[in-house]
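Breakdown of the fold
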Amino acid sequence: MKLLVLFDHRFLRAPNGEIFSDTSYSYSFFSQRYLPVFDEVLVLARAARTAFAPSGCGTEGPGVRVLDLPDWSGPIGFIRNRKRIIEAVRAASRTPVAVTMIVPGGIASVAFEDLAGRAVPCCVEVVGDPWESLGPGASAHPLRPILRR
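Now for a look at the structure at hand.

What counts and how
Counting restarts for each chain, with residues numbered from 1 along the sequence as it is written. In keeping with the predicted nature of the model, local features appear solely for residues at pLDDT of at least 70, side-chain atom pairs appear and are counted solely at 80 or more, and the whole-chain, interface and lining totals rest on all residues. Calculated side-chain values reflect all of the structure's heavy atoms, with hydrogen atoms and water omitted. The working definition used for a salt bridge is a side-chain nitrogen of Lys or Arg within 4 Å of a carboxyl oxygen of Asp or Glu. Strands here mean DSSP runs of E at least two residues long; helices mean DSSP runs of H or I at least four residues long; both are numbered from the N terminus. Burial status follows relative accessibility: with a 1.4 Å probe on protein chains alone, a residue under 20% of its type maximum counts as buried, one over 50% as exposed, and anything between as partly exposed. Classification of ring pairs rests on two measures: the distance between centres of Phe, Tyr or Trp rings, Trp counted by its six-membered ring, which must be within 6.5 Å, and the angle between planes, read as stacked under 30 degrees, edge-to-face over 60 and tilted in between. What the bend at a residue measures is the angle between two axes, fitted to the seven residues ending there and to the seven starting there. Here, residues are in contact when the closest pair of their heavy atoms is within 4.5 Å. Two distance rules govern patches: like charges are joined within 9 Å, and nonpolar side chains (Val, Leu, Ile, Met, Phe, Trp, Tyr) within 5 Å, applied only to residues with over 30% relative accessible area and no salt bridge. Surface accessibility in these figures is a Shrake-Rupley result with a 1.4 Å probe; residues are shielded only by whichever protein chains are displayed. For the purposes of this analysis, a disulfide is any pair of cysteine sulfur atoms at a distance within 2.5 Å. Within 3.5 Å is the distance limit for a polar contact, defined as a pair of N or O atoms, with the added protein rule that one can donate a hydrogen and the other accept it, and that residues adjacent in sequence qualify only through two side-chain atoms.

Next up on the list: the pattern of salt bridges. If you walk through the whole model with that rule in mind, you get six salt bridges. Two residues, R10 and D71, come together in a salt bridge whose shortest N-O distance is 2.5 Å. With a gap of 61 residues between them, R10 in strand β1 (residues 2-13) and D71 in the loop between β4 (64-69) and α2 (74-92) connect regions that are remote in the sequence. The partner of R65 in a salt bridge is E40, with the nearest N and O atoms 3.4 Å apart. Taken together, the residues span a long stretch of sequence, with R65 in strand β4 and E40 in strand β3 (residues 40-49) at a distance of 25 residues. By relative accessible area, which is 37% here, R65 ends up partly exposed. One salt-bridge network, in which partners are shared between bridges, spans K2, E40 and R65.

With that out of the way, let us pick up the packing of aromatic side chains. Inspection of the entire model under this criterion finds nine aromatic pairs. Ring plane angle 90° and centroid distance 4.9 Å describe the contact between F7 and Y25, whose orientation is recorded as edge-to-face. Of this pair, F7 sits in strand β1 while Y25 is found in the loop between β2 (19-20) and α1 (27-34), placing the two residues 18 residues apart along the sequence. According to the relative accessible area criterion, F7 is buried, its value standing at 7%. Considering the side-chain rings of Y25 and F29, the 5.0 Å spacing of their centres and the 80° angle between planes classify their relative orientation as edge-to-face.

Roughly 50° is the biggest bend found in α2, and it falls at N81. Of all the residues in α2, the buried ones are G77, F78, N81, I85, I86, V89 and A92. For α2, the elements touching its buried residues are β1, β3, β4, β5 (97-103) and α3 (106-117).

Let's shift gears to a nonpolar patch on the surface. Together, L143, I146 and L147 make up a nonpolar patch on the protein surface, roughly 280 Å² of accessible area in all. Among the secondary structure elements, L143 is positioned in the loop between α4 (130-133) and α5 (144-148). Taking the relative accessible area as the measure of exposure, L143 reaches 35% and is therefore partly exposed.

As a further point, take unusual backbone geometry. Cis peptide bonds are those with omega within 30 degrees of zero, and the linkage from V103 to P104 qualifies with 5°. Looking at the secondary structure, you find P104 in the loop between β5 and α3.

All told, the structure shown has zero disulfides when counted by the stated rule. Not part of a disulfide, C122 finds its nearest cysteine sulfur in C123, a span of 7.8 Å. Note on C122: relative accessible area 34%, which makes it partly exposed. Its relative accessible area of 39% is what places C123 among the partly exposed residues.

Looking at the secondary structure, you find E18 in the loop between β1 and β2. In the structure, E18 is positioned 16 residues away from K2 in sequence and 21 Å away in space, judged by C-alpha atoms. Here the side chain of E18 touches N16 through a polar contact of 2.7 Å, side chain to side chain.

This is the structure we're talking about:
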């Protein structure tokens, strides 16, 4: 069975088409974590095009593929891309698939209702606490109190 991972991380797509992460989300992260259970891992995330080939290990490999979402920045960019996110989740979850929603995250948040309405098997992987990470002094963003809730 395939696993669709809904992830707010921004990957980098090099000119040659390779996907990289500027943090620790390499191929080994996804293959060791999910491939022992699933046949294929599809990571639905933003992919920013770069003019250079990033150093380090790539994210894609046998059994792991990144499905590009448009690259956006900030809440307004997210709102503008909301429809595309839902369409991409629907397209990726048409075949038999289980879904892991990494939260907190906008991609998982907008996809949840659609997936639940279609009875797609889902789980939630909690990687942070917005109450703590958006607490007073953590960010100067003007919408911080709203996003925190």
